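One-letter residues, chain by chain:
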Amino acid sequence: MCKQTAEGDIFEPGLMPCDEALSRIINGVSLISGSEIVPLEKACCRTLHGNVVAEANVPAHTNSGVDGYALYAADIAEDCSVRFLIKDTVLAGQIFRGHIGRGECLRIMTGATVPESLDTVVMQEHVEIEDGFIRLNHRYKAGKNVRHAGEDIKIGETVLEAGRRLTPPDVGLLASLGIGEVEVRRRLKIAVASTGNEVKLPGQPLLAGSLYDSNRYSLMAALSRPDIEIIDLGILPDNVDSLLQSFNDAGKQADVIIASGGVSMGDADYTKMALHQSGLVDFWRVAIKPGRPLAYGRIGEAAFFGLPGNPVAVMVTFYFFVLPAIEKMLGISDQPIVPVFKARTTEDLRKLPGRTEVQRAIISRDEKGDWQVRTSGRQGSGMLSSMSRANAFIILDHDRERVKVGEWVDVKPFSALF
Ligand code: AMP
Ligand code: MG
């Protein structure tokens, strides 16, 4: 079934291709300077300022990988039926300082240090115990079940590189090296505004002709992450002077300003007018649907993004144009891999060549385990419900035409975005 879209479908020449808009944006922003030291428990999702070099071996000591019996493997090389006297027991956290002779073994728990004279740990499941002796019921190679000092990380090794956005395992890795705090890039300050006289605060009564502000909330939610500090500029009226005043103030404290609404061709599209007066902003009509109008430039020290007003267009332009700029400014060098993979569409999709089209969709597996995709409902650029229901975007390239049932399309799962 074809999905009718809410917007007109007439191809407009002269729109800027998405790739060009994105590369202009990326070229226009640069890495922020400044760092801070944070304790490890606040380090996840922050960007490393410098390389981290190991100042300790991991593991620090040669230790047992299992609960069992440490022994000297040459003793069982010939004959695995030999018996070993259980000389003593060592638990994790203890050091055994005695001596284990030939024909003897040490009862040892996982993580306990293996004495230097022993080279193998036999799992307790692989022995029979009689009269204080063990006998192996399993063949064993020398070195088995022993974790050697430095086998994971060696002193002097670079374990994490500058620009890495720290993940939960990275934080664990730093802790395993004994590092309690880490130098990370400072947080990026992002000011967020909604514009429009009709736009009202949720929780207030809705007057005739008004609607609730959803854009500022979806944007602030998308920006709620440990490496970003949000400056909430609230809802700004359709008035050139107050817009200019708010944007200029924000330009003094923020690295990025994101506003929505007022950038299209309407009579009350004052964001555009206000920005014309600041003189440093480009307006583009980008060949993407939804999300055509996009203002981009600079106000004071801040990069400025004027997103469309329609709520889905806001989300699409945020993920496709603003987020890559944010990651560049934060110096995230190992971009998280946002998988775009192919799925078969289970319905026809309307598409005009000459623009990138992004549709909200639901991906799932078919009976053979292959990925399939269908749209998540009506695709009007103001309709957030189909966006909320979706778990992925379908991305149809610039030149693609109408898509038939069973064809492959590119999908980008939301789990990679939020
Ligand atoms: P504009 O580009 O300002 O003409 O806005 C386009 C459409 O998006 C209009 O229907 C606006 O009412 C709507 N809109 C603008 N800002 C918001 C907002 N913050 N939340 C929800 N809808 C909005
Ligand atoms: Mg408006």
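**Observations regarding helix H3 (residues 215-222)**
- For H3, the buried fraction is high: six of the eight residues fall into the buried class.
- Buried residues of H3: Asn215, Arg216, Ser218, Leu219, Met220 and Ala222, and no others.
- Lining the buried residues of H3 we find strand E13 (188-195), strand E16 (228-236), strand E17 (256-260), strand E21 (302-307) and helix H6 (311-329).

**Digging into the pairing of strand E8 (residues 127-130)**
- In this structure, E8 lies alongside strand E9 (residues 133-136), joined through four bridges in antiparallel fashion. When the sheet's bridge partners are listed, Glu128 is paired in E9 with Arg135.
- The antiparallel pairing of E8 with E9 creates a hairpin that spans two residues between the two strands, and Asp131 there sits at a positive phi of about 50 degrees.

**A word on the environment of Met329**
- Take Met329: it is sitting in helix H6.
- It is 4.1 Å that separates the C-alpha atoms of Met329 and Leu31, two residues lying 298 residues apart in sequence.
- Excluding its chain neighbours within four sequence positions, the residues that come into contact with Met329 are Val29, Ser30, Leu31, Ile32, Leu188, Asp255 and Val256.

**What to know about the state of the cysteines**
- Applying the stated criterion to the full structure yields zero disulfides.
- Residue Cys44 stays outside any disulfide, its sulfur separated by 3.7 Å from that of Cys45, the closest cysteine.
- Taking the relative accessible area as the measure of exposure, Cys45 reaches 23% and is therefore partly exposed.

**Things to note about the domain arrangement of the protein chain**
- Looking at the protein chain, the domain boundaries give domain 1 (11-34 + 186-329), domain 2 (35-58 + 151-185), domain 3 (63-147) and domain 4 (341-416).
- Here domain 2 and domain 4 have C-alpha centroids that lie 39 Å from each other.

**Quick notes on the sheet that holds E16**
- Pairing within the open sheet is mixed, and its six strands lie in the order E16-E13-E17-E21-E20-E18. Looking at strand neighbours, the two that pair on one side only are E16 and strand E18 (281-285), the edges of this open sheet. This sheet shows a mean twist of 15 degrees between the axes of neighbouring strands, independent of strand direction.
- Pairing between E18 and strand E20 (residues 293-299): five bridges, direction antiparallel. Residue Trp284 lies in a different strand from E20, and its bridge partner there is Leu294.

**Remarks on the site of ligand 1**
- The full set close to ligand 1 counts 16 residues, and Glu198, Asp213, Ser214, Gly262 and Gly309 are the nearest of them.
- Within the contact set of ligand 1, a nitrogen atom lies 3.0 Å away from a backbone nitrogen or oxygen of Ser214.
- Burial of ligand 1 by the protein chains amounts to 78% of its free accessible area of 480 Å².
- Looking at the shell around ligand 1, the elements with two or more residues in it are E13 and strand E15 (211-212).

**Observations regarding the side chain of Asp227**
- Note that Asp227 resides in the loop between H3 and E16.
- Reaching out from Asp227, the side chain makes a polar contact with the side chain of Arg165 at a distance of 3.3 Å.
- In contact with Asp227, other than residues within four places in its own chain, are Cys45, Arg46, Thr47, Arg165, Arg187, Leu188, Leu330 and Ile332.

**Regarding the sheet that holds E8**
- Pairing is mixed across the open sheet formed by six strands, whose spatial order is E7-E4-E6-E5-E9-E8. Across the chains shown, the open sheet's two edge strands, defined by having one partner strand only, are strand E7 (120-123) and E8. If you compare each strand with its neighbour and ignore which way they point, the axes differ by 40 degrees on average.
- Relative to E9, strand E5 (residues 83-90) is paired through three bridges, and the arrangement is antiparallel. Looking at E9, one finds that Phe84 is bridged to Ile134.

**Side note on the packing of aromatic side chains**
- Scanning all chains against the criterion turns up nine aromatic pairs.
- Each ring, one from Phe341 and one from Trp371, has its centre 5.3 Å from the other, and the planes form 50 degrees; the classification is tilted. One end of the pair, Phe341, is in strand E22 (residues 341-345); the other, Trp371, is in strand E24 (residues 371-375), with 30 residues separating them in the sequence.
- Take Trp371: its relative accessible area is 31%, and that puts it in the partly exposed class.
- Geometrically, the ring pair formed by Phe393 and Phe414 is edge-to-face, given 4.8 Å between the ring centres and 75 degrees between the ring planes. Note that Phe393 is positioned in strand E25 (residues 392-396) and Phe414 in the segment after strand E26 (408-413), a separation of 21 residues in sequence.
- Joined through ring pairs, the aromatic side chains of Phe318, Tyr319, Phe320, Phe393, Phe414 and Phe418 make up one cluster.
- Positioned over the ring face of Phe133 is Arg83, at 4.1 Å from the centre of the ring.
- One cation-aromatic arrangement involves Lys412 over Phe320; the distance from NZ or CZ to the ring centre is 5.0 Å.

The rules behind each value
Residues numbered from 1 in each chain as written. Chains lettered and ligands numbered in written order. Predicted model: local features only at pLDDT ≥ 70, side-chain atom pairs only at ≥ 80, totals over all residues. Heavy atoms only, no water. Buried < 20%, exposed > 50% of the residue type's maximum accessible area, 1.4 Å probe, protein only. Helix = DSSP H or I, 4+ residues; strand = E, 2+ residues; numbered from the N terminus. Contact = heavy atoms within 4.5 Å. Pairing = 2+ DSSP bridges. Disulfide = S-S within 2.5 Å. Domains from an automatic or database assignment. Axes fitted to C-alpha atoms, helices over the stretch in contact; angles between N-to-C directions. Near = heavy atom within 4 Å. Polar contact = N/O pair within 3.5 Å; in protein donor to acceptor, adjacent residues only side chain to side chain. Areas by Shrake-Rupley, 256 points an atom, 1.4 Å probe, with all protein chains shown as cover. Phe/Tyr/Trp six-rings, centres within 6.5 Å; stacked < 30°, edge-to-face > 60°. Lys NZ or Arg CZ within 6 Å of the ring centre and 35° of its normal.

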